[in-house]
Amino acid sequence: MSGQSAYSANPVEIKLHAVSQQLEVAYDDGASFSLAAEYLRVYSPSAEVRGHGVGNEVLQVGKKQVAITALEPVGHYALKIVFSDGHDSGLYSWAYLYELGVKHDQYWQDYLNRLAAAGASRE
């Protein structure tokens, strides 16, 4: 994942489904994504998760039960997501949320592969 995204659509609707812990984001180009709290947490754009450069990413483990406790708009460009484990330092730009939606299957499988390689668990 790069710091810059090729996605430039803007959100027209954002819903948090409290029971399923899915963040639904609909964009002005017609795209719509439903992103699980766990997925958003393990792909947080924060330095705590991403590290400071390629190869310095910090594998997030034990996040299967994490929940979203708050959503805070940041200007007209991003969303701050507060998670039940206290993590709140990542700013999810509209473009990054779009990228997470488009590349969900690839990114999720990569995460599962990294967990397996580390002998770690989602639990």
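The notes below deal with the structure included here.

Thresholds applied
- Residues numbered from 1 in each chain as written.
- Predicted model: local features only at pLDDT ≥ 70, side-chain atom pairs only at ≥ 80, totals over all residues.
- Heavy atoms only, no water.
- Pairing = 2+ DSSP bridges.
- Helix = DSSP H or I, 4+ residues; strand = E, 2+ residues; numbered from the N terminus.
- Buried < 20%, exposed > 50% of the residue type's maximum accessible area, 1.4 Å probe, protein only.

**Points about the pairing of strand β2 (residues 22-27)**
Looking at chain direction, strand β1 (residues 11-17) and β2 are connected through 6 bridges and run antiparallel. Each residue of the ladder has a partner; that of His17, found in β2, is Gln22. Between β1 and β2, which pair antiparallel in sequence order, lie 4 residues; one of them, Gln21, sits at a positive phi of approximately 55°. Two strands pair when backbone bridges link them, and β2 and strand β3 (residues 32-36) are joined in this way by 5 bridges, in the antiparallel orientation. Bridging across to β3, Gln22 finds its partner in Ala36.

**A look at the pairing of strand β5 (residues 78-83)**
Judged by how many residues are buried, β5 sits mostly within the fold: 5 of 6 residues are covered. The hairpin turn running from strand β4 (residues 68-74) into β5, its antiparallel successor, is 3 residues long, and Gly75 in that turn takes a positive phi close to 55°. Pairing of β5 with strand β6 (residues 91-93) involves 3 bridges; the strand directions are antiparallel. When the bridges of β6 are listed, Lys80 appears paired with Leu91.

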